[in-house]
Amino acid sequence: MTDKKMARDYAEHNQGKYTNEFGSLYHAFLAGAEFGKKHDKDIEIPFKGESPVYSTKQAAGADIALPKDIIIKAHSIVTWIDLEVGFDIPEGFCIMLQPRSSTSRKWHVLCDTGIIDSDYKLENIHCGLVNITNEDITIPKGTRIVQLLILPVYHATNWKCLNNIRDSKKGSGSTGD
């Protein structure tokens, strides 16, 4: 199924219930938020600190490296690691900070990340790391620990209350699995 067909089917299925300034979800995708598509226009994002790096031409996320060695004691949490980088994100976009797939596999740590809004201007961003092992871990300076994704932001203009919808009591997800 093509991305445009997927977006059109979703919009038709929801019969225009989810709209924005573009008129419909389908039109929002056509306006530049198509699934996984490279856009004709690059986004310039001023930054301070070390530049994030796309490790491959098709990488969705740009890697951010640790600015210094980090020591995490066994079974502990380092909650405020200053990545010493900040961004001037254009209005209409946000940055999603995510752990790199190798972070937990290689270092046996969990990474606490989040969303950086466009009004968080040039402030240093931070992440948290949780050591899930029985040993202290030292992660050296320069280790690519998180990645950032630049995403368009859409605001809901109509919220539909679903309080009268009965819970299926199936558990997690629609199947209960």
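The structure we're discussing is the one just above.
Here's a quick rundown of the structure. Within every chain, residues take consecutive numbers counted from 1 along the sequence as written. Local features in this predicted model are restricted to residues of pLDDT 70 or higher, and side-chain atom pairs are both shown and tallied only at a pLDDT of 80 or more, whereas totals for entire chains, interfaces and linings draw on every residue. The basis for every side-chain value is the complete set of non-hydrogen atoms in the structure, without hydrogens or water.

**Thoughts on the overall build of the chain**
Piece 1. Within the chain, the secondary structure is distributed over 3 helices and 11 strands.
Piece 2. Numbering of helices and strands runs from the N terminus, with a helix taken as a DSSP run of H or I at least four residues long and a strand as a DSSP run of E at least two residues long. Element order for the chain, N to C, with α for helix and β for strand: α-α-β-β-β-β-β-β-α-β-β-β-β-β.
Piece 3. Think of it in three bands: residues with accessible area under 20% of the maximum for their type are buried, residues over 50% are exposed, and the middle band is partly exposed, with areas taken using a 1.4 Å probe on protein chains only. Looking at the chain as a whole, 29% of its 177 residues are labelled buried.
Piece 4. At a minimum sequence separation of 6, the contacts of the chain that also span at least 24 residues come to 71%. By definition, residues are in contact when any of their heavy atoms lie within 4.5 Å.

**Some words on the nonpolar core**
Among soluble globular proteins, nonpolar side chains are generally buried collectively.
Piece 1. For the purposes of this section, nonpolar cores are sets of buried Ala, Val, Leu, Ile, Met, Phe, Trp, Tyr and Cys residues that join through side-chain atoms within 4.5 Å. Counting residues in each nonpolar core, the largest one holds 25 residues, and the members touching the most others are Ile64, Leu83, Phe87 and Ile139.
Piece 2. Sorting the residues of this core by element identifies β2 (62–65), β3 (70–72), β5 (85–87), β6 (93–99), β7 (109–112), β9 (126–131), β10 (137–139) and β11 (144–152) as the ones contributing at least two each.
Piece 3. Sort the elements by how many residues they give to this core and β11 lands first, with 3 residues.
Piece 4. The contact partners of Leu83, leaving out residues within four places of it in the chain, are Ile64, Leu66, Pro67, Leu97, Ile125, His126, Cys127 and Val146.

**Brief notes about the sheet that holds β9**
Piece 1. Taken together, 3 strands build an open sheet; the order of strands is β4-β9-β7 and the sheet is antiparallel. Lying at the two open borders of the sheet, with one neighbouring strand each, are β4 (77–82) and β7. The mean inter-strand angle of the sheet, taken between neighbouring strand axes irrespective of direction, is 25 degrees.
Piece 2. We call two strands paired when DSSP finds no fewer than two bridges between them. In this structure, β4 lies alongside β9, joined through 4 bridges in antiparallel fashion. Note on β9: the bridge partner recorded for Asp82 is His126. Under this scheme, a helix contributes an axis fitted over its contacting stretch, all axes are lines through C-alpha atoms, and angles between N-to-C directions fall in the 0 to 180 degree range.

**Re the pairing of β11**
Piece 1. Note: β2 against β11, 4 bridges, orientation antiparallel. Note that in β11 the partner of Ile64 across the bridge is Val146.
Piece 2. As paired strands, β6 and β11 are joined by 7 bridges and run antiparallel to one another. When the sheet's bridge partners are listed, Ile95 is paired in β11 with Ile150.

**Re the sheet that holds strand β8 (residues 115–116)**
Piece 1. Taken in spatial order, the 4 strands make up an open sheet running β2-β11-β6-β8, and their pairing is antiparallel. With partners counted over all chains shown, the strands left at the sheet margins are β2 and β8, one partner each.

**Examining the environment of Ala74**
Piece 1. Mapped onto the fold, Ala74 is located in the loop between β3 and β4.
Piece 2. For Ala74, a relative accessible area of 25% corresponds to the partly exposed category.
Piece 3. Along the backbone, Ala74 and Ile132 are 58 residues apart, and their C-alpha atoms lie at a distance of 6.9 Å.
Piece 4. Non-local contacts of Ala74, meaning those with residues more than four positions away in its chain, are made with Asn131, Thr133, Asn134, Glu135 and Asp136.

**A short note on unusual backbone geometry**
Piece 1. Phi at His75 is positive, roughly 50 degrees, even though this residue is not glycine.
Piece 2. Within the fold, His75 resides in the loop between β3 and β4.
Piece 3. Judged by its relative accessible area of 54%, His75 falls in the exposed class.
Piece 4. For Leu122, which is not glycine, the phi dihedral falls at a positive 55 degrees.
Piece 5. Secondary-structure assignment places Leu122 in the loop between β8 and β9.

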